[in-house]
Every structure is written in C-alpha cells, then in structure tokens.
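In case you want the letters, here they are:
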Amino acid sequence: MSALLVPSSSSPARPSRNGDGDRNRDVVLGPITARTYRAFLASPHGEALGAGFLQCPSWADVKEGWRAQLLGWGPDPEAGELTGVALVLLRQFPGTRKHFAYLPEGPVADWSDPDLDAWLTPLLEHLRRTGAFAVRIGPSPAHRRWSAARLKPLTGPGRRLGDVLASEVDPLGTAVAERLRARGWRRCGGGATGTDGGTGTGGGDAQPRHVFQVPLAGRTTEDLWSGLNQEWRRNVRRARREGVEVVVGSAADLPEFCRLLALTERRDGFRLGRSLAYYERQYAALNAEEPGRMKLYLARHQGEILAAHTLITVGRRAWYQTGASADHRREVRPSNALQWRMLLDAHAGGADVYDMRGVPSTLDPAERAYGLLRWKLGTGGRVVETLGEWERPVGGSANHALHRAFQAYLKRR
C-alpha cells in the first residue's frame with residue numbers, strides 16, 4: 001500500500017518566542033495541499049532553497065508502509081504564503097498508536113535563518129500532537145568539501161576522507177550543527193554511505209552522508225569536457241567509436257533496467273533491495289508530478305542494452321540516482337557514455353549541480369568500495385560531506401522511553 005497523505009485534525013501551530021535570533025515574527029505551521037506545496041517549490045524563494053527529490057510530494061507515493069503529511073509554514077500557509085515546507089513520512093511503532101516521523105533530506109527550510117526556533121519548534125509541536133514519539137531530519141547545508149584534485153594524490157592504505165584536510169569547510173553547516181545539538185538533536189550513524197530513498201529507521205544515516213557533485217553553473221560544455229580526467233575522456237571517445245548509442249527509454253524499459261541492476265548487485269557486492277514494482281511506482285509518481293522528472297537512460301550496442309541509469313531533476317538540481325550494467329562487453333564503456341550524455345542533458349536543462357549521490361569514505365585502493373569513488377572522481381567534481389541525519393525524541397519521558405525501545409526493536413529485526 002502506498003503512503004497516504006493524511007491531514008492533521010489539530011489547528012496550525014504557532015512558534016514560541018524564545019528563538020536565538022532577533023526576528024521574532026509570526027509563523028503559522030500546518031498541513032497544506034500538494035498543489036500549494038509544489039507551487040512553493042516552483043517559486044523563486046522555494047527554488048532557491050534547493051529541495052531534493054525526496055522532499056517532493058510525489059515521494060509519498062513511492063514509499064510503501066508509511067503515511068505522509070505535507071506541511072508548510074509562513075505568514076499564511078493556507079493562502080500559499082510560505083517560507084518553508086516539509087514532507088513527513090510516518091511509520092507506526094508496532095503495538096502502539098505512536099509514530100516515528102522521518103523527513104528525508106528535509107525539511108525544505110532556510111537554514112541560514114538564525115532563528116531556527118521560529119519554525120522548528122512549531123514543527124516539533126505539530127508532530128508531537130499528531131502522535132510522533134521521535135523525529136529524524138536531514139538538514140541541507142554541507143559540512144565539508146574535497147575537490148577531486150585534492151583527493152587523487154592522497155589515497156593510500158587505511159586512509160579515509162576524514163584524514164584529508166577539506167578544500168572547504170562550510171560555516172553554515174558548522175553553525176546549524178551547533179544549533180541542533182543545543183536543542184537536543186543527535187547526529188545519526190557513523191558516516192555510512194546509505195541508500196537512495198531509505199526508510200530512515202535504522203541506527204545510521206538512511207541517506208548518503210558523502211555525495212559526489214559536479215558543479216555546472218557558469219560552465220560551458222568545453223569546461224565540462226576538460227574537467228573529465230584523461231581516462232574518462234578516452235572511455236567516452238571509445239564508446240563513440242564502438243557505436244554505443246545512448247537514448248532515453250520509457251517505463252517499458254524498466255524490467256530490463258531491473259535485470260541489469262540485479263547483475264550489478266551480484267557483481268559489485270551490494271544490494272539495494274528495490275523491486276521492479278518499486279521502480280515502476282517511482283517512475284509513475286515522479287513523472288505524474290512533472291513530466292520528465294525521472295528519466296531512464298539506456299546505452300545500446302549492437303542492438304543490446306548494456307547499461308541503464310536513472311536521472312531525476314527538481315528545479316536547478318539533477319541527480320544520477322541508480323546505475324546498472326551488464327557483465328559482458330564492458331570494454332565498449334557504456335556507463336561512461338551514459339554519464340557523459342546525462343551530464344550534458346542536465347547542463348542543457350539549466351541545472352546548477354549534477355549530483356552523483358553516494359560515495360564511500362574510504363581512500364584505500366585495496367578496498368572494494370573505493371572503486372566507486374575512483375570512478376566518480378574521474379568527472380572532476382567534488383566530494384561533499386553533508387550534515388547527515390539528526391534525530392531526537394519529541395518531549396516527555398514516555399516518548400524518550402519509546403524512542404529507546406524503538407531503536408532496540410530495529411536492531412533486532
């Protein structure tokens with residue numbers, strides 16, 4: 001059963017007046033319609049907040065076993081006067097009427113606002129009144145960044161990203177982390193890579209802590225080409241010489257994508273646990289929300305599909321979500337051809353960033369996981385350490401106890 005969008009029977013929440021900023025202003029928070037939510041994301045202010053696809057209303061239809069609420073806050077949410085929004089996924093703790101609330105890579109908020117309490121306090125109060133015993137969020141500011149040029153010469157046995165001085169430390173990310181800690185939030189996990197669209201109920205991050213991004217804003221296609229390392233340029237040229245054809249597929253090609261994904265999982269030693277029905281649901285939901293939001297790219301050679309990758313676009317951001325490839329004829333480099341085409345299409349579509357999603361934190365070439373990072377480093381982008389996911393119980397000793405019991409329950413599953 002798909003997630004249900006459920007309204008709250010409670011009245012809109014208003015903030016407390018004890019924020020850490022000087023701007024004590026009225027903020028109303030409450031349920032909003034999917035139409036109002038989408039209109040905000042498409043507005044100049046909403047687009048500037050850079051919402052990810054996991055915070056689009058359509059994601060509620062992708063996640064089975066969850067209920068969902070669409071919330072907004074601002075001067076008048078019902079009239080569409082908003083300053084922030086959130087998709088909240090709710091999962092019931094077995095044997096109780098209480099729920100775990102998860103905001104994957106959300107909420108969509110102005111994290112540079114020093115008065116976080118103006119909207120964070122009413123958000124927590126609203127969730128408490130709707131039966132949540134704990135909340136997990138994924139703030140959008142970055143923590144640290146490492147350029148490909150800095151990381152390439154610093155690989156070695158036992159080395160990890162944390163051993164390398166970052167190219168950039170984001171002061172906003174540092175400030176947000178400090179503010180959340182001061183309010184009782186605790187950072188989840190220990191730097192696990194995570195999976196796309198995860199459940200948000202495990203002990204670590206459900207979403208990638210480290211992602212790989214290729215900046216596109218202000219760059220020409222020649223800049224993007226020169227940003228590729230020599231091996232990548234050679235592989236893209238070889239795919240072209242060998243006659244690899246890249247096309248955009250349709251929902252009818254999803255079974256072949258899933259077949260290739262199963263091969264990839266066995267070959268590379270990982271498991272996403274996503275069924276064909278999951279990807280069919282995701283493809284239908286995202287494209288019903290906005291045609292072309294999710295695309296399936298196919299690389300054909302001699303009439304056979306050798307690789308298939310998915311691309312998701314929201315506003316001025318594009319994500320390479322999942323890639324799959326065959327075990328044979330890898331020498332014609334279908335995946336390099338796919339990525340180059342997707343990178344060009346994201347650039348042509350006006351995206352500022354091409355996000356290649358999760359990468360491991362290892363810099364040890366002897367570790368199997370390093371191969372994924374090495375492949376993405378070849379695009380000339382950068383590794384970005386996000387703030388990760390943060391969690392806290394929602395008020396009262398009973399909810400604190402239930403939160404501890406819920407964590408123990410998950411560990412036994």
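This structure is a prediction, so every number in the text was calculated from the model and none was measured. Starting from 1, residues in each chain are numbered consecutively following that chain's sequence as written. Since the coordinates come from a predicted model, pLDDT governs what is reported: local features require at least 70, and pairs of side-chain atoms require 80 or more to be given and counted, while whole-chain, interface and lining totals use all residues. Only hydrogens and water are removed before side-chain values are computed, so all heavy atoms of the structure are retained for them.

Asker: Quick rundown of the overall build of the protein? Include the residues and the values.
Answerer: The secondary structure listing takes helices from DSSP runs of H or I that are at least 4 residues long and strands from runs of E that are at least 2 residues long, numbered from the N terminus. What the protein contains, in helices and strands, is 13 helices and 17 strands. Here the C-alpha atoms of the protein give a radius of gyration of 22 Å, agreeing with the 22 Å that 2.2 N^0.38 yields for 413 residues. Over its C-alpha atoms, taken along the principal directions, the protein stretches across nearly 65 × 45 × 45 Å. Counting all 413 residues of the protein, 53% fall into the buried class. A separation of at least 24 residues holds for 71% of the contacts in the protein among residues at least 6 apart in sequence. Calculation of accessible area relied on Shrake-Rupley with a 1.4 Å probe; when residues are assessed, cover is drawn exclusively from the protein chains displayed. With the model as given, the accessible surface of the protein reaches about 17,600 Å², and the carbon-plus-sulfur share is 50%. Positive: Lys, Arg. Negative: Asp, Glu. His and the chain ends are not part of the count. The atoms used to mark charge sites are NZ of Lys, CZ of Arg, CG of Asp and CD of Glu. Mean positive and mean negative side-chain charge positions of the protein (58 and 44 charges, respectively) differ by 4 Å. Atoms counted for the radius of gyration: C-alpha only. Globule rule: 2.2 Å times the number of residues to the power 0.38. Whether a residue is buried, partly exposed or exposed follows from its accessible area with a 1.4 Å probe, protein chains only, as a fraction of its type maximum: under 20%, in between, or over 50%, in that order. Residue contacts follow a heavy-atom distance rule, with two residues in contact if any of their heavy atoms lie within 4.5 Å.

Asker: Talk me through the environment of alanine 398; I want residue IDs and the actual numbers.
Answerer: By the secondary structure assignment, alanine 398 is in helix H13 (residues 397-412). Taking relative accessible area as the criterion, alanine 398 reaches 57% and is therefore assigned exposed.

Asker: Go over the sheet that holds strand S16 (residues 382-386), please, and point to the residues and values.
Answerer: The pairing criterion is simple: DSSP has to find at least two bridges between the two strands. Pairing is mixed across the open sheet formed by 9 strands, whose spatial order is S8-S7-S16-S10-S15-S14-S13-S12-S11. Whereas interior strands pair on both sides, the edge strands pair on one side only; in this sheet they are strand S8 (168-169) and strand S11 (245-248). Where strand S7 (residues 142-147) lies against S16, 5 bridges are found, and the strand directions are antiparallel. Looking at S16, one finds that serine 147 is bridged to arginine 382. Axis definition: a line fit to C-alpha positions, over the contact stretch in the case of helices; interaxial angles, taken between N-to-C directions, run 0 to 180 degrees. Contacting strand S12 (294-301), strand S13 (304-314) and strand S14 (317-325), helix H10 (residues 276-289) crosses the sheet at an angle of about 125° to S12.

Asker: With reference to specific residues and values, describe the packing of aromatic side chains.
Answerer: Ring geometry is summarised as follows: Phe, Tyr and Trp rings, the Trp one being its six-membered ring, pair when their centres sit within 6.5 Å, and such pairs are stacked at plane angles under 30 degrees, edge-to-face over 60 and tilted between the two. This model, assessed by the stated rule, comprises 11 aromatic pairs. Centroid distance tyrosine 278 to tyrosine 279: 5.3 Å. Interplanar angle 90°. Geometry classified as edge-to-face. Overall, the relative accessible area of 6% leaves tyrosine 278 in the buried class. Taken together, the ring pairs in this structure connect Phe53, Trp59 and Trp319 into an aromatic cluster. Over the aromatic face of tyrosine 278 sits the side chain of arginine 274, whose NZ or CZ is 4.7 Å from the ring centroid. In this scheme, Lys NZ or Arg CZ marks a charge over a ring once it lies within 6 Å of the ring centre and within 35 degrees of the ring normal. Between the NZ or CZ atom of arginine 392 and the centre of the ring of tryptophan 185, over which it lies, the distance is 5.9 Å.

Asker: Hey, could you go over unusual backbone geometry for me, with residue numbers and the actual values?
Answerer: Cis peptide bonds are those with omega within 30 degrees of zero, and the linkage from glycine 106 to proline 107 qualifies with 10°. Positionally, proline 107 belongs in the loop between strand S5 (99-103) and helix H4 (117-129). In this model, glutamate 105 sits at a positive phi of 50°, which is unusual for a non-glycine residue. Inspection of the secondary structure assignment puts glutamate 105 in the loop between S5 and H4. On the basis of relative accessibility, which here comes to 21%, the residue glutamate 105 falls in the partly exposed class. Positive phi is not limited to glycine here, since arginine 333 has a value of about 60°.

Asker: Go over the pairing of S16, please, and point to the residues and values.
Answerer: Where burial is concerned, most of S16 is hidden: 4 out of the 5 residues are buried. Of the strand pairs in this sheet, strand S10 (residues 210-215) and S16 are connected by 4 bridges, and their pairing is antiparallel. Looking at the pairing, phenylalanine 212 lines up with valine 383 of S16.

Asker: For the pattern of salt bridges, give the residues involved together with the corresponding values.
Answerer: We define a salt bridge as a side-chain nitrogen of Lys or Arg found within 4 Å of a carboxyl oxygen belonging to Asp or Glu. Taken as a whole and judged by the stated rule, the model has 23 salt bridges. A salt bridge links arginine 160 to glutamate 367, with the nearest nitrogen and oxygen atoms 3.9 Å apart. Remark: glutamate 367 occurs in the loop between strand S15 (353-358) and helix H12 (370-377) and arginine 160 occurs in the loop between helix H5 (148-151) and S8; sequence separation between them is 207 residues. Of the charged contacts in the structure, one is a salt bridge between glutamate 289 and arginine 293, with a shortest N-O distance of 2.8 Å. Judged by relative accessible area, arginine 293 falls into the buried class, the value being 7%. Counted as one network, the salt bridges with shared partners bring together Glu125, Arg128 and Arg129.

Asker: Quick one: what's the story with the layout of surface pockets, residue by residue and with numbers?
Answerer: A pocket, in this scheme, is an open set of points on a 1 Å grid over the protein atoms alone with protein on both sides within 12 Å along at least 5 of 7 lines, while a cavity is a set where a 1.4 Å probe fits but cannot get out; residues line either one if an atom lies within 4 Å of a point. Grid points are joined across faces, edges and corners, and a volume is the space filled by probe spheres set on the points. Of the pockets and cavities examined, the largest pocket occupies roughly 1,400 Å³. Surrounding the largest pocket, 49 residues form its lining, Asp268, Phe270, Gly371, Leu372 and Trp375 being those nearest its centre. Here the element with the most residues in the lining of the largest pocket is H12; it accounts for 7 residues. Among the residues making up the lining of the largest pocket, the classes are represented as 17 nonpolar, 19 polar and 13 charged. Approximately 1,100 Å³ is the volume found for the second largest pocket. Lining the second largest pocket are 48 residues, with Leu49, Gly50, Ala51, Ser140 and Arg317 sitting closest to its centre. Taken together, the elements giving at least two residues each to the lining of the second largest pocket come down to helix H1 (34-42), helix H2 (44-48), S7, S10, S14, S15 and S16. Amino acid classes used here: Ala, Val, Leu, Ile, Met, Phe, Trp, Tyr, Cys and Pro are nonpolar; Asp, Glu, Lys and Arg are charged; the rest, including Gly, are polar. In the lining of the second largest pocket, the residues fall into 21 nonpolar, 11 polar and 16 charged.

Asker: Before we move on, could you go through the nonpolar core and cite the residues and values that matter?
Answerer: The criterion is simple. A nonpolar core is a set of buried Ala, Val, Leu, Ile, Met, Phe, Trp, Tyr and Cys residues joined through side-chain atoms within 4.5 Å. Formed by 89 residues in total, the largest nonpolar core has its most connected members in Phe257 and Tyr354. Of all the elements, S13 adds the most residues to this core, at 7 residues. Look past the residues within four positions of tyrosine 354 in its chain and what remains in contact with it is Phe212, Gln213, Val214, Leu216, Leu311, Ala318, Tyr320, Gln339, Met342, Leu343 and Ala346. Within the second largest apolar cluster, 28 residues are counted, among which are Leu90, Leu120, Leu123 and Trp390.

Asker: An account of H12 is requested, with residue identities and associated values reported.
Answerer: Turning to H12, its buried residues are Tyr370, Leu373, Lys376 and Leu377. On an axial view of H12, the arc spanned by its buried residues comes to 130°, and they lie on one face. Of the surrounding elements, those touching the buried residues of H12 are H5, S10, S15 and S16. The directions considered for the arc run from the helix axis to the C-beta atoms.

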